[in-house]
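# Structural description and commentary
These are the residues of each chain, in order.
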Amino acid sequence: MAESTCARCGSTKFEMMHADKVEGATRSFLFVQCAECGAVAGVLDFINLGVQMARMKEEWQRAFERLRRNFDS
Ligand SMILES: [Zn+2]
């Protein structure tokens, strides 16, 4: 697999940067940026949807179990 390189400086080191001052945006983002020169290579939502969906699934399962116990008794 090819190694990812910065398009600006050629570095192979990247880092995550919390970007909360994006003009016109109403929420925060995470920038994947070059660790050497700061050139932005990608943008992710600050909120991790996978983690939130797993939490929602657990909450729904607990609510369903409560309903089932109430229905059975
Ligand atoms: Zn760079």
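Residues take numbers from 1 onward in each chain, read along the sequence in its written order. In keeping with the model being predicted, local features are shown solely for residues with a pLDDT of at least 70 and side-chain atom pairs are shown and tallied solely at 80 or more, while totals for entire chains, interfaces and linings include all residues.

## Points about the overall build of the protein chain
We count a stretch as a helix when DSSP gives it H or I for four or more residues in a row; a strand needs E for two or more, and each element gets its number in order from the N terminus. Within the protein chain one finds one helix and three strands. Going residue by residue from the N terminus, the α and β elements of the protein chain occur as β-β-β-α. Taking 2.2 N^0.38 as the reference for a compact globule, 73 residues should give roughly 11 Å; the C-alpha atoms of the protein chain span a radius of gyration of 21 Å, well beyond that estimate. Taken over the C-alpha atoms alone, the protein chain extends approximately 65 × 35 × 10 Å along its principal axes. Here the protein chain holds 73 residues, and the buried ones make up 1% of them. Two residues qualify as being in contact provided that their C-beta atoms, derived from the backbone, are within 7 Å of each other. A fraction of 28% describes how many contacts in the protein chain between residues 6 or more apart in sequence connect residues 24 or more apart. As defined in this context, the radius of gyration uses C-alpha atoms, and a globule is described by 2.2 Å times the residue total to the power 0.38. Neighbour density around each residue's C-beta defines its exposure: 20 or more other C-beta atoms within 10 Å make it buried, 12 or fewer make it exposed, and counts between make it partly exposed, where C-beta atoms are placed from the backbone.

## Quick word on the pairing of strand 1 (residues 14-19)
Within a regular strand, side chains alternate between the sheet's two faces. With zero of six residues buried, strand 1 lies mostly on the surface of the structure. Bridge analysis of strand 1 against strand 2 (residues 29-34) gives six bridges, and the strand direction is antiparallel. Along strand 2, the bridge assignment pairs Ala19 with Phe29. Pairing between strands is defined by DSSP: at least two bridges between them are needed.

## Observations concerning the environment of Cys6
Note on placement: Cys6 falls in the segment before strand 1. For the pair formed by Cys6 and Gln61, sequence separation is 55 residues and the distance between their alpha carbons is 44 Å. When near neighbours in sequence (up to four residues on either side) are disregarded, Cys6 contacts Ser11, Cys34, Glu36, Cys37, Ala39 and Ala41.

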